[in-house]
Amino acid sequence: MGCEDDDCSRDWHYAPYRTGLGALQRGQGVAVAWLREQPDHGHLVYTCTGRDTRWDWQVDDRYRYLARLLHDLRLDLAPLVTQLRACGPYRAWPRADPTGDDNQFNLAVGVLEALARKGNMQATETLRGYVRDGIRWIDALSTLAGSWPAQWWDDLWETAARRIRCEDAAEVLPASAPWRRWRGRDPRIDTVLNTAQRSRQDPRDRPVDLSATSDAELVALLQAPDTGRAVKAFALRQIRRNARPVPELLDAVEQLATERQAGLFGTLRVLGPQVLPAARGWAIDTEHPLFDAAAHLLGEHGEEQDIPVIRAALDRLTDEWCGHDRLTEGLTRILASTPCASHTDVRAYLIRRLRWLTRASPHSYERGSYLRSLLLLDPDKTTGVLPSHLLDCEPDVRLLAAQHAPLTDQTRRWLLTLRDNPIEEASVRRAAHARLNSS
C-alpha cells in the first residue's frame, strides 16, 4: 500500500482507497495490518485524529479503531490533548465543512475516552482534568458518564457543583448520567436540573399517546385535514410500533407523500409484501414523491420481476455513498433464491459492485451489509479476505469476520486480541472466544 500527506485545504477529499491513508480514512482493517508492518507511517494516524473522516458522524464508527492504533503503535497522545484544549465553544456549521471545532472536540473526546477504558492513565487524567477547567466540560462529562464505570467519574460532582450555571440548563439532560445520580447532592446542581426539567415540559412537545388507538382510527387521523404534522408523525410511529400490516394506510399514502410527511417510509415497510403493487407503480413514475423510496421497498419485499428496477436505482447512486445497502441486500436476497444459472450478468455486476463498495466507500456503517451479501453470492473468495476485517472499525464487520474467517495462525492471534480487548463489543468478544474454543 502507498501513503501520502493529508490535504488540509478547504477542498479536502478522501485519499484513493487503494492507498494506506485512504484505507485508514475509511476505517479498513487492512490499514491496521499495514501500519503494524510499517510503523514508520504511524504519523498518518494523526491525520485521522485531527479531522473526522467518517461519512456519517451519527452511525459510522471510528473512536475505538483510532484508539487501538494509537495504543498499538505507541503514538504520543500530545497532539490529541492539544487538539482537545484548542477547541472553542460549540457552534453549528454546514455538514459539508468537516473542519469545525465541534468535530475535532468530539473526535478527541471519543478517542481519549476509549483509550482510558483500555487502561491509558494519561487519557483518563486528561479528560478528568478537562471536566475541571475545560470550556465544553458538560459535553465531556456526559460522554464519560455514559461510557465509564461510575467510580471513575462520581467524585467529579463537586467540580460540577462549582462550575454549573443557570444558563447551562439547556445542555443537561436531568434523566441521564451523571445528573440523575447527582440530584440532591448540591443545591446548585439541583437548581439547574429543575430549570432544565421545566424547560422540557412544554405541552406542545409532549408525545401524543396513541397506544390504545385502533388501526382504523390511526388511518383516520392521518387522513383528517385538520391533523397536524406532529400528530401524524406519532400516528405513523404507533403503526410501526404495533408491527402489523395496516393495508388501509395505502389509502392515505398519496396525501402523506405529497406532504413529505416524516416517518412515512418506515411505516410503509411494515406493510411487507402488501406494498408491492403500489411500490411498483411509484417506481416507474419519476415525478412521484416516493419514486426513490419505492426501489428500497422493492428491495426489501420484491421478487424476480423487480430486479431491473432495483438495479437501476443502484446505478443512480453513482455519486452517493448512502443507501447502497438496502438495494444490494434486496438484489442479493432475490438472486440467492433463484437458480444460479439465472441472471448471471446481474449476479456478476452485483459482486463487482459489492467488492468495490467494501473497499471504496467511506460510509463504513454499510460495510457489514456488503460483506454479508458477498458471503451469499461469492462465499469462497469472500471468506478468504475476511481475516483483515477482524481489525475493521465497525463492530458488525469484526463480528462477521470472527464467525467466518479461516482459522490461520494470524487469524487466531487477532481473535485473541479481540477476545481480550477491554473496549471491544461484548458480542465480538464472545464470538472470538467461541471461535477459538472451536478450533
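For the structure itself, consult the block above.
The structure contained in this document is the topic of the report that follows. Remember, predicted model here, so these are calculated numbers, not experimental data.

### Looking at the overall build of the protein
The helix and strand inventory of the protein stands at 25 helices and 0 strands. Expected size for 439 residues packed as a compact globule is a radius of gyration near 22 Å; at 25 Å, the protein falls within 12% of this value. The principal-axis extent of the C-alpha atoms belonging to the protein is close to 60 × 60 × 50 Å. Each of the 439 residues in the protein was classed as buried or not, and the buried ones make up 50%.

### Description of the nonpolar core
Counting 71 residues, the largest nonpolar core has Leu24, Val45 and Trp179 as its most contacted members. Of the residues forming this core, the biggest block, 9 residues, is contributed by helix 6 (residues 101-117). Among the nonpolar cores identified, the runner-up in size contains 49 residues, and Leu222, Leu271, Ala293 and Val346 belong to it.

### A short note on the environment of Asp60
Among the structural elements, Asp60 can be located in the loop between helix 3 (44-49) and helix 4 (63-72). Considered as a pair, Asp60 and Glu300 are 240 residues apart in the sequence and their alpha carbons are 23 Å apart. Leaving out residues up to four positions away in the same chain, Asp60 has contacts with Arg54, Trp55, Pro362, His363, Ser364, Tyr365 and Glu394. A distance of 2.8 Å separates a polar side-chain atom of Asp60 from the backbone nitrogen of Tyr365.

### Quick word on helix 4
Of all 10 residues in helix 4, 7 are buried, a share of seventy percent or more. Along helix 4, the residues that are buried comprise Arg64, Tyr65, Leu66, Ala67, Arg68, Leu69 and Leu70. Arg74 occupies a position one or two residues after helix 4 and carries a positive phi of about 55°.

### Considerations on the environment of Asp133
Its place among the elements puts Asp133 in helix 7 (residues 121-133). Distance in space between the C-alpha atoms of Asp133 and Leu222 is 51 Å, their sequence separation being 89 residues. Apart from the residues lying within four places of it in its own chain, the contact partners of Asp133 are Arg85 and Arg163. Among the polar contacts listed, one links the side chain of Asp133 to the side chain of Arg85, at a separation of 2.6 Å.

### Let's talk about the packing of aromatic side chains
Tallied over the full model, the rule gives 7 aromatic pairs. Plain terms: the ring middles of Phe105 and Tyr130 are 5.8 Å apart, the flat faces sit at 50° to each other, and that makes the pair tilted. One end of the pair, Phe105, is in helix 6; the other, Tyr130, is in helix 7, with 25 residues separating them in the sequence. For Phe105, a relative accessible area of 1% puts it in the buried group. Judged by centre distance (5.7 Å) and plane angle (90°), the ring pair of Trp179 and Trp182 falls under edge-to-face. Within this pair, Trp179 and its partner Trp182 are both found in helix 10 (residues 179-182), separated by 3 residues, close to a single helical turn. Take Trp179 and Trp182: they sit in the same class, and that class is buried.

### Comments concerning unusual backbone geometry
Negative phi characterises most residues that are not glycine, and trans characterises most peptide bonds. For the peptide bond that leads from Ala177 to Pro178, omega is 5°, which places it in the cis range. On the secondary structure map, Pro178 appears in the loop between helix 9 (157-163) and helix 10. Although it is not a glycine, Arg74 sits at a positive phi angle of roughly 55°.

### Some thoughts on the packing of helix 7 against helix 8 (residues 137-147)
The interhelical angle for the contact between helix 7 and helix 8, taken along N-to-C directions, is 140°, at an axis separation of 8 Å. Taken together, helix 7 and helix 8 sit at an angle that is classed as oblique. Seen from above, helix 7 lies across helix 8 with left-handed handedness. Residue-level contacts link Leu127, Tyr130 and Val131 of helix 7 to Trp137, Ala140, Leu141 and Leu144 of helix 8. Looking at side-chain class alone, the contact of helix 7 with helix 8 contains 7 nonpolar, no polar and no charged residues.

### Side note on the environment of Leu314
Mapped onto the secondary structure, Leu314 falls in helix 18 (residues 307-315). For Leu314, a relative accessible area of 0% gives the class buried. Spatially, the C-alpha atoms of Leu314 and Asp76 are 43 Å apart, while their sequence positions differ by 238 residues. Sequence-distant contacts of Leu314, defined by excluding residues within four places in its chain, comprise His324, Leu327, Thr328, Leu331, Tyr349, Leu350 and Arg353.

### Focus on the pattern of salt bridges
Proximity of charged atoms lets side chains of opposite charge pair with each other. Evaluated as defined, the whole model comprises 24 salt bridges. A salt bridge links Arg54 to Asp52; the nearest nitrogen and oxygen atoms lie 2.6 Å apart. Since its relative accessible area comes to 4%, Asp52 is described here as buried. Note that Asp315 is salt-bridged to Arg353, the shortest N-O span being 3.6 Å. Taken together, the positions of Asp315 in helix 18 and Arg353 in helix 20 (residues 344-360) put the pair 38 residues apart, joining distant regions of the chain. On the basis of relative accessibility, which here comes to 11%, the residue Arg353 falls in the buried class.

### A few points about the packing of helix 17 (residues 291-301) against helix 18
Interhelical geometry of helix 17 versus helix 18 gives an angle of 130° and a closest axis separation of 9 Å. As far as their axial angle goes, helix 18 and helix 17 are oblique. For the pair helix 17 and helix 18, the sense of crossing is left-handed. In this structure, helix 17 uses Ala295, Leu298 and Gly299 to contact helix 18, whose residues at the interface are Val309, Ile310 and Ala313.

### What about the state of the cysteines?
One pass over the structure, following the stated rule, counts 0 disulfides. With no disulfide of its own, Cys48 lies closest to Cys393 among cysteine sulfurs, the gap being 11 Å. Residue class for Cys48 comes out buried when judged on its relative accessible area of 2%.

Calculation rules
- Residues numbered from 1 in each chain as written.
- Predicted model: local features only at pLDDT ≥ 70, side-chain atom pairs only at ≥ 80, totals over all residues.
- Heavy atoms only, no water.
- Helix = DSSP H or I, 4+ residues; strand = E, 2+ residues; numbered from the N terminus.
- Rg over C-alpha atoms; globule rule 2.2 N^0.38 Å.
- Buried < 20%, exposed > 50% of the residue type's maximum accessible area, 1.4 Å probe, protein only.
- Core = buried A, V, L, I, M, F, W, Y, C linked by side-chain atoms within 4.5 Å.
- Contact = heavy atoms within 4.5 Å.
- Polar contact = N/O pair within 3.5 Å; in protein donor to acceptor, adjacent residues only side chain to side chain.
- Phe/Tyr/Trp six-rings, centres within 6.5 Å; stacked < 30°, edge-to-face > 60°.
- Axes fitted to C-alpha atoms, helices over the stretch in contact; angles between N-to-C directions.
- Parallel < 35°, antiparallel > 145°, perpendicular 65-115°, else oblique.
- Left-handed = near helix turned anticlockwise from the far one by under 90°.
- Nonpolar A, V, L, I, M, F, W, Y, C, P; charged D, E, K, R; others polar.
- Salt bridge = Lys/Arg side-chain N within 4 Å of Asp/Glu carboxyl O.
- Disulfide = S-S within 2.5 Å.

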